[in-house]
Protein chains: 2
Amino acid sequence: MSGRTDKTSDLGHALLGLLARREATGYDLSARLAAPLGYFWTASHSQVYPELARLEAAGLVTHEEIPGRGPRPTKRYAVTAAGRSALAAWVVTDPGEQADRDVLVLRAYSLWLADPAAAAAMLRGLRERHAARLEEYLQHEREIRAEGGEIAWDDPRFAALARVRAGIGYERHRLAWVDWVVSALTTGHAPTDDAN
Amino acid sequence: MSGRTDKTSDLGHALLGLLARREATGYDLSARLAAPLGYFWTASHSQVYPELARLEAAGLVTHEEIPGRGPRPTKRYAVTAAGRSALAAWVVTDPGEQADRDVLVLRAYSLWLADPAAAAAMLRGLRERHAARLEEYLQHEREIRAEGGEIAWDDPRFAALARVRAGIGYERHRLAWVDWVVSALTTGHAPTDDAN
DNA sequence: GGCTCCATGTAAAACGTTACATGATTTC
DNA sequence: GAAATCATGTAACGTTTTACATGGAGCC
C-alpha cells in the first residue's frame, strides 16, 4: 500500500488537470488560476504551493529543480502515473449538489427595497462586464477551433472547448437575465409573459 | 456613535433580506437557506445563529422571545429601521467579480483522460437532476404569478420572480451544455459548428 | 420504543483571501 | 531609478462545513 488515501481536494484536481497537459512551476499554475482567466477555478499562489506539496506527499506529482530567477530554487512539477489515473477516475465521479451562492441574485432578492435608478445603473455596469467576457470567450473558442478539423473527445482541446462553451452559455444567460431586470425596473413592473 | 461599522457579510445580508419580508427564528432562516431550496444562498444553522448575534450587536436586527419547543428560549428576529436602510444601500453596490468555481466544468477540463462511457453515464444522471430542478423553478414561477396582475418593482414578489428567473435561465443553460458534452462523447468528437 | 420536528448553541477542521517576506533580472 | 516579472514560501484572518450537545412534543 503506497501513497496516502487522504482524499485530494478540488483544488488538487484542478492542479492535476493543468499539469496533465504540461509540466509547470507553482508560479505558472497560480497565474493560470488567477481570476478571471481561469474561469472554471481560481486560487492564489498561497494556496497553490502547499497543495503541490500535499500532492507530492501523496505521490501524485513529482518535481525537479530547474534554473530560475527566484530567491528559492525553482521547481518544475509533473504528474506521475498514479496522479494521472487518480485524475481520470475522479473526472467521472458525481459532482454532487453545487452550493449556489450568487452575490448578484442575493442583491436581486432585496431589490424591492432599493432605489430603482441606482439599481439600474449598477446593473448596466455589470452588463458591460458580462458582454466583454462573452466576447473574450467567443474569441477563445475561435482560437481553439482555429486549426480546423474534427476535435476528438480524447484531445485536450475538446476539454478546453467544453470549458469555454460553459462560459459562453453562462454569460449569455447572465446577459439575458440582467436585461430582464433592467427592463422591468425601467417600465416599473415585471413583464406579464416571458414566453416560457 | 451607536452601532458597529464592522462590515456585514454576504450571509448577513442574506438574513436581512429574508427578515425584511417577515420575522423569523434562526431555525426558520436556516431552513430557508438549506440547499437546494434557497437557490441564491446557502448556509447551515451553525453559521446562522452567530451571524444573527452579530447583526443584533450592530443594531440591524432585534429579537423577542416567544413560546417554543426547544430546550433553549425561542427567539423571533425582526429587522430594525437601521437594518432596512443598510440593506437597501447594499443592494445597489457593485457585486464585483464572482470567483467562478464550478466542480462540473473542473471535471470537464480533464475529460479527455477519462472513460467516455462512464463520463456519459455521470452526465446523464446530472441531466436528470437539472431537469427536475428546472421543473421546480417553473412551478415556483407560476405560483408567484398565480394571483395575476402586474407585479411592480417594489413588490417583494418582483424580487422573488427575479430570483426564480435566474434559476430558470441557469438550469436551461446547464441542460444545453450537458447535452452538448454528451452528444460529443456519443459521436466521438465535438460538433464542428454550434451556430454562435 | 424509535423517529422526526422543533430550536438553539459550541467546537473543530477545512478552505480561501490578504498580507508579510525575500531577492535577482528585465523593462521603461 | 522605479516598476514589473519571476519564484517561492509563511502567517493571520475570515468563511464554510461537519460534528458534538441538549431536550421536549407529536407520530407510527
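Cut-offs used in this document
Going along each chain's sequence as written, the residues are numbered from 1 onward. Here the convention is simple: chains get letters from A, ligands get numbers from 1, in the order in which they are written. This being a predicted model, a pLDDT of at least 70 is required before a residue's local features are given, and a value of 80 or more before pairs of side-chain atoms are given or counted; all residues contribute to the totals for chains, interfaces and linings. Side-chain descriptors were evaluated using all non-hydrogen atoms of the structure, hydrogens and water having been removed beforehand. UniProt positions are given in the numbering used here, feature names are shortened, and annotations may be inferred rather than shown by experiment. Helix and strand assignments come from DSSP, with helices taken as H or I runs of at least 4 residues and strands as E runs of at least 2, each series counted from the N terminus. Only protein atoms enter the 1 Å grid, on which a cavity is a set of points fitting a 1.4 Å probe that cannot get out and a pocket is an open set with protein on both sides within 12 Å along at least 5 of 7 lines, lining residues being those with an atom within 4 Å of a point. Grid points are joined across faces, edges and corners, and a volume is the space filled by probe spheres set on the points. Just so you know the grouping, Ala, Val, Leu, Ile, Met, Phe, Trp, Tyr, Cys and Pro go in nonpolar, Asp, Glu, Lys and Arg go in charged, and all remaining residues, Gly too, go in polar. One heavy atom within 4 Å of a molecule or strand makes the whole residue count as near it. The term polar contact refers here to a pair of N or O atoms within 3.5 Å; inside protein, the definition further demands a hydrogen-donor-capable atom paired with an acceptor-capable atom, and it admits residues adjacent in sequence only when both atoms are side-chain atoms. Here, residues are in contact when the closest pair of their heavy atoms is within 4.5 Å. The superposition of copies rests on a least-squares fit of C-alpha positions from residues with pLDDT of 70 or more in both. Here the expected span of a helix is defined as 1.5 Å times the quantity of residues minus one. Put simply, two rings from Phe, Tyr or Trp (the six-membered ring, in Trp's case) pair if the centres are within 6.5 Å, and we call them stacked under 30 degrees between planes, edge-to-face over 60, tilted for the rest. Accessibility here uses a 1.4 Å probe with only protein chains present; expressed as a share of the type maximum, an area under 20% marks a residue as buried, one over 50% as exposed, and anything in between as partly exposed. Note: buried area is the sum, over both parts, of the accessible area (probe 1.4 Å) each one loses when the two are combined. Here a salt bridge means any side-chain nitrogen of Lys or Arg lying within 4 Å of a carboxyl oxygen belonging to Asp or Glu.

Listed under "domain: Transcription regulator PadR C-terminal" (unreviewed entry) in the UniProt record, and renumbered for this structure, are residues 101–185 of chain A. Overall, residues 101–185 of chain A shows 78% helix and 0% strand. The separation of its end C-alpha atoms is 24 Å.

Our next topic: empty space enclosed by the protein. All names here are of chain B. Across all of its chains, the model carries one cavity of 30 Å³ or more by this definition. Around the largest cavity, the lining residues are Leu104, Ala108, Leu111, Met122, Leu123, Trp177 and Val181. When its residues are assigned to classes, the lining of the largest cavity shows seven nonpolar, no polar and no charged.

Turning our attention to the protein's contact with DNA strand D. The immediate surroundings of DNA strand D are formed by 22 residues, with A:Tyr27, A:Arg72, A:Lys75, B:Ser46 and B:Arg69 found nearest. Sugar and phosphate atoms constitute 54% of the interface atoms of DNA strand D, taking the interface as everything within 4 Å of the protein. One of the side-chain N or O atoms of A:His45 is found 2.8 Å from a base oxygen in DNA strand D. Contact between DNA strand D and A:Tyr49: a phosphate oxygen at 3.2 Å from a side-chain N or O atom of the residue. Sorting the residues of the surface near DNA strand D by element identifies helix H2 (26–32), helix H3 (45–57) and strand E2 (74–79) of chain A together with helix H3 (45–57) of chain B as the ones contributing at least two each. Per-element tally for the surface near DNA strand D: the top contributor is H3(A), with three residues.

The immediate surroundings of DNA strand C are formed by 21 residues, with A:Ser46, B:Tyr27, B:His45, B:Arg72 and B:Lys75 found nearest. What you see for DNA strand C is that sugar and phosphate hold 54% of its atoms within 4 Å of the protein. The side chain of A:Ser46 places a nitrogen or oxygen atom 2.5 Å from a base oxygen of DNA strand C. Taking B:Gly26, its main chain carries an N or O atom lying 3.3 Å from a phosphate oxygen of DNA strand C. Split by residue class, the surface near DNA strand C holds five nonpolar, 11 polar and five charged.

Before going further, it helps to examine the side chain of A:Glu51. Residues and elements named next belong to chain A. Mapped onto the elements of the fold, Glu51 is located in helix H3. Within the structure, Glu51 has its side chain in polar contact with the side chain of Arg54 (distance 2.4 Å). With sequence-adjacent residues up to four places away left out, Glu51 is seen in contact with Thr8, Ser9, Leu11, Gly12 and Leu15.

Okay, the layout of surface pockets next. One number sums up the size of the largest pocket: a volume of about 970 Å³. In terms of lining, the largest pocket is formed by 43 residues, of which the most central are A:Arg101, A:Asp102, A:Tyr170, B:Gln98 and B:Asp100.

Attention now goes to the relation of the copies chain B and chain A. Each copy superposes on the other: chain B lies on chain A with an RMSD of 0.1 Å after a rotation of 180° and an axial shift of 0.0 Å. With respect to symmetry, the two chain copies, as superposed, fit the operation of a two-fold axis. Mapped onto chain A, 100% of the interface residues of chain B are again interface residues, and the two copies thus contact each other with one and the same surface.

Next up on the list: helix H7 (residues 156–187) of chain B. All names here are of chain B. Given a rise of 1.5 Å per residue, 32 residues ought to cover 46 Å, and the 47 Å separating the end C-alpha atoms of H7 matches this to within 8%. The backbone nitrogen of Arg157 lies 2.8 Å from a side-chain oxygen of the residue at the head of H7, namely Asp155. Phi for Gly188, located one or two positions after H7, is positive at around 95°.

On to helix H6 (residues 116–145) of chain A. With 30 residues, H6(A) extends 43 Å from end C-alpha to end C-alpha; this agrees with the ideal 44 Å at 1.5 Å per step. Those residues of H6(A) that are buried are in contact with helix H5 (103–108) and helix H7 (156–187) of chain A together with helix H4 (81–91) of chain B.

Right, let's talk about the packing of aromatic side chains for a bit. For the structure on display, the rule yields four aromatic pairs over all chains. Between A:Phe40 and B:Tyr109 the ring centres are 4.8 Å apart and the planes differ by 40°, which places this aromatic pair in the tilted class. Of this pair, A:Phe40 sits in the loop between H2 and H3 while B:Tyr109 sits in the loop between helix H5 (103–108) and helix H6 (116–145), on two different chains. Residue classification places A:Phe40 among the buried residues on the basis of a relative accessible area of 1%. On the numbers, 5.9 Å between centres and 10° between planes, the contact of A:Trp180 with B:Phe158 is stacked.

With 82 residues of chain B at the interface, the matching set in chain A holds 83 residues. Interface area for chain B against chain A, summed over the two sides, is near 8200 Å², with a carbon-plus-sulfur share of 63%. The largest per-residue losses of area from chain B upon contact with chain A belong to B:Tyr109, B:Trp112 and B:Trp153, which jointly make up 11% of the total buried on that side. Run the count over chain B and chain A and you get six salt bridges. With a closest N to O distance of 2.9 Å, A:Glu97 and B:Arg133 form a salt bridge. Where chain B touches chain A, the interface holds 25 residue pairs in polar contact (both at pLDDT 80 or more). Of all the elements in the fold, those that place two or more residues in the side of chain B that touches chain A are helix H1 (10–19), H4, H5, H6 and H7 of chain B.

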